[in-house]
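Chains, contacts and geometry: an overview
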Amino acid sequence: MARRALITGITGQDGSYLAEHLLSEGYEVWGLARGQANPRVSRMRKLLADVRIARGDLLDQGSLISAVEKVQPDEVYNLGAISFVPMSWEQAELTAEVTGMGVLRMLEAIRVCSGISRGSATSRQIRFYQASSSEMFGQVSETPQTERTSFHPRSPYGVAKAYGHFLTQNYRESYGMFAVSGILFNHESPRRGAEFVTRKVSLGVARIKLGMATELRLGNLEARRDWGFAGDYVRAMHLMLQAATPEDYVIGTGRMKSVRELVEAAFSAAGLDWEQYVVCDSSLHRPAEVDLLCADPKKARVQLGWEPTVSFDELVAMMVESDIRLLSEGGDPDQDSSWP
């Protein structure tokens with residue numbers, strides 16, 4: 001009998017790649033969606049025709065219990081979140097409810113449906129993956145960051161993710177649940193939302209290349225991140241739930257690049273000189289900036305056998321080429337986020 005997985009946030013970048021990966025592994029895949037009329041569900045179905053949809057909302061405990069009871073999953077991947085960091089200052093309460101409290105509600109749904117109480121044993125074990133974030137490190141205390149590096153989040157998003165991360169550990173230790181967190185560093189793709197800086201850059205380059213724009217306005221060019229390909233990172237999520245024991249893992253490439261280097265690579269991929277088109281706009285800076293993030297993925301490499309396969313330059317070229325193609329064909333990135 002095929003293993004069954006339930007994915008929250010399935011209509012996002014990571015959810016789509018994870019669903020594809022699990023389907024290729026022979027899983028029966030279910031996605032959690034707030035309503036069948038959601039236009040993103042319709043777009044997802046074009047790509048993932050074999051994914052089933054269960055109704056549920058990370059803001060509604062009862063709906064999550066109903067979804068878990070209906071699906072009877074072997075694995076739950078909690079990817080749903082208010083994930084755009086700048087928005088977390090504008091909608092801090094909603095970010096806390098979805099990105100933070102949503103983890104609690106999903107863990108509780110699994111606990112209730114599995115019949116787990118403190119100190120009890122159950123024959124049915126649902127394995128749980130929590131999408132933690134490198135934004136939890138924030139103002140970093142050491143570089144690179146490992147599973148033991150302390151957290152100092154610099155945004156409401158980072159704070160909410162830290163809450164969900166510690167709660168996952170707490171349920172693992174309190175109830176014996178197979179619950180793990182993947183501390184994923186920045187991971188991108190042509191399916192990334194248009195509001196994120198990597199996609200903003202690739203779309204900006206594509207518009208300039210096609211004569212649709214003459215400049216690209218950006219904030220802090222000196223911020224440095226560890227950028228990888230989302231398709232690589234979802235493999236790590238799956239591997240964490242196949243391990244013999246539940247543990248948390250840092251996932252990244254171990255190499256930092258600045259936003260400036262991202263811009264240079266993107267314009268170069270289109271045969272353009274970035275300095276002719278990029279305008280620095282201080283109004284686009286974050287209220288509290290995270291200057292650098294860099295992973296030490298040694299634990300995942302040694303214990304899970306995980307390695308990234310797509311280089312930074314390959315990733316950037318992939319995104320630029322995809323957006324040039326999308327815009328050339330009359331696509332709307334604000335509507336489809338480069339979904340096939």
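Quick summary incoming for the structure in this document.

Conventions adopted
Residues numbered from 1 in each chain as written. Predicted model: local features only at pLDDT ≥ 70, side-chain atom pairs only at ≥ 80, totals over all residues. Heavy atoms only, no water. Helix = DSSP H or I, 4+ residues; strand = E, 2+ residues; numbered from the N terminus. Rg over C-alpha atoms; globule rule 2.2 N^0.38 Å. Buried < 20%, exposed > 50% of the residue type's maximum accessible area, 1.4 Å probe, protein only. Contact = heavy atoms within 4.5 Å. Areas by Shrake-Rupley, 256 points an atom, 1.4 Å probe, with all protein chains shown as cover. Lys, Arg positive; Asp, Glu negative; His and termini not counted. Charge placed at Lys NZ, Arg CZ, Asp CG, Glu CD. Pairing = 2+ DSSP bridges. Patch = residues over 30% accessible without salt bridge, like charges linked within 9 Å, V, L, I, M, F, W, Y side chains within 5 Å. Salt bridge = Lys/Arg side-chain N within 4 Å of Asp/Glu carboxyl O. Expected span 1.5 Å × (residues − 1). Axes fitted to C-alpha atoms, helices over the stretch in contact; angles between N-to-C directions. Core = buried A, V, L, I, M, F, W, Y, C linked by side-chain atoms within 4.5 Å. Phe/Tyr/Trp six-rings, centres within 6.5 Å; stacked < 30°, edge-to-face > 60°.

The next thing to look at is the overall build of the protein chain. On a plain count of helices and strands, the protein chain comes out with 12 helices and 13 strands. What you see for the protein chain is a C-alpha radius of gyration of 20 Å, in line with the 20 Å of a compact globule of 340 residues. With the C-alpha coordinates of the protein chain rotated into their principal frame, the extents come out at 65 × 45 × 40 Å. Split into buried and exposed, the 340 residues of the protein chain put 55% on the buried side. In the protein chain, the proportion of contacts linking residues at least 24 apart, taken out of those at least 6 apart, comes to 77%. Of the roughly 14300 Å² of accessible surface on the protein chain, 46% is carried by carbon and sulfur atoms. For the protein chain, the separation between the mean place of its 37 positive charges and that of its 43 negative charges on side chains is 4 Å.

The next subject is the pairing of strand β5 (residues 127-133). Summarising burial for β5: 6 of the 7 residues are buried, a large majority. Examined bridge by bridge, β5 and strand β6 (residues 179-184) share 6 bridges and lie parallel to one another. Along β6, the bridge assignment pairs Ala131 with Gly182.

Time to look at a negative patch on the surface. The grouping of Glu261, Glu264, Asp273 and Glu275 at the surface amounts to a negative patch. Relative to the elements of secondary structure, Asp273 occurs in the loop between α9 (259-269) and β13 (278-280). Under the relative-accessibility criterion, Asp273 is labelled partly exposed at 35%.

Moving on: helix α1 (residues 13-24). Taking 1.5 Å of rise per residue, 12 residues should cover 16 Å, and α1 covers 17 Å from first to last C-alpha, within 8% of that figure. In terms of burial, α1 is a largely internal element, 9 of the 12 residues being buried. Remark: Gly26 follows α1 within two positions and exhibits a positive phi of approximately 90 degrees.

Right, let's talk about unusual backbone geometry for a bit. In this structure, the amide linkage connecting Thr143 to the following residue, Pro144, adopts the cis form with an omega of 0 degrees. Relative to the helices and strands, Pro144 is located in the loop between β5 and α6 (156-175). Of note in this structure, Gln72 is not a glycine but carries a positive phi near 55 degrees. Inspection of the secondary structure assignment puts Gln72 in the loop between α3 (61-71) and β4 (75-78).

Tallied over the full model, the rule gives 14 salt bridges. Residues Glu222 and Arg260 are paired through a salt bridge, measuring 2.3 Å at the closest nitrogen-oxygen approach. With Glu222 in the loop between β8 (216-218) and β9 (224-225) and Arg260 in helix α9, the pair connects residues that are 38 residues apart, well separated along the chain. Taking relative accessible area as the criterion, Arg260 reaches 29% and is therefore assigned partly exposed. What you see here is one network of salt bridges that share partners, running through Arg4, Glu28 and Arg52.

On to the sheet that holds β4, then. An order of β3-β2-β1-β4-β5-β6-β11 is seen for the 7 strands of this open sheet, with the pairing classed as parallel. The sheet is open, and its two edges are formed by β3 (52-55) and β11 (249-251), each paired on a single side. For this sheet, the mean inter-axis angle between neighbouring strands, taken without regard to orientation, is 25 degrees. Docked against the sheet, helix α5 (residues 92-114) engages β1 (4-8), β2 (28-33), β4 and β5, running at close to 170 degrees with respect to β5. Packing of helix α8 (residues 230-242) onto the sheet brings it into contact with β4, β5, β6 and β11, and relative to β4 it is tilted by some 140 degrees.

In this fold, Ser132 is placed in strand β5. Judged by its relative accessible area of 5%, Ser132 is buried. With sequence-adjacent residues up to four places away left out, Ser132 is seen in contact with Lys161, His165, Ser181, Gly182, Ile183 and Leu184.

With that out of the way, let us pick up the side chain of His21. In this structure, His21 sits in helix α1. If we ignore the near neighbours within four places in the chain, the residues touching His21 are Val234, Arg235 and His238.

Here the focus is the nonpolar core. Membership of the largest hydrophobic core comes to 37 residues, with the highest contact counts inside it found for Ile7, Tyr77, Tyr129 and Ile251. Looking at this core, the element that brings in the most residues is α8, giving 7 residues. Those residues in contact with Tyr77 that lie beyond four places of it in its chain are Ala5, Leu6, Ile7, Thr8, Leu18, Leu22, Tyr129, Met237, His238, Leu241 and Gln242. Val76, Ala109, Ile116 and Ala179 belong to the second-largest nonpolar core, a separate cluster that totals 25 residues.

Next up on the list: the packing of aromatic side chains. In the structure shown here, the tally under the stated rule is 9 aromatic pairs. Residues Phe267 and Tyr277 carry aromatic rings whose centres are separated by 5.9 Å and whose planes lie at 5 degrees to one another, so their mutual orientation is stacked. Note that Phe267 is positioned in helix α9 and Tyr277 in the loop between α9 and β13, a separation of 10 residues in sequence. One aromatic cluster is present, built from ring pairs that chain together Phe137, Phe151, Phe166 and Phe185.

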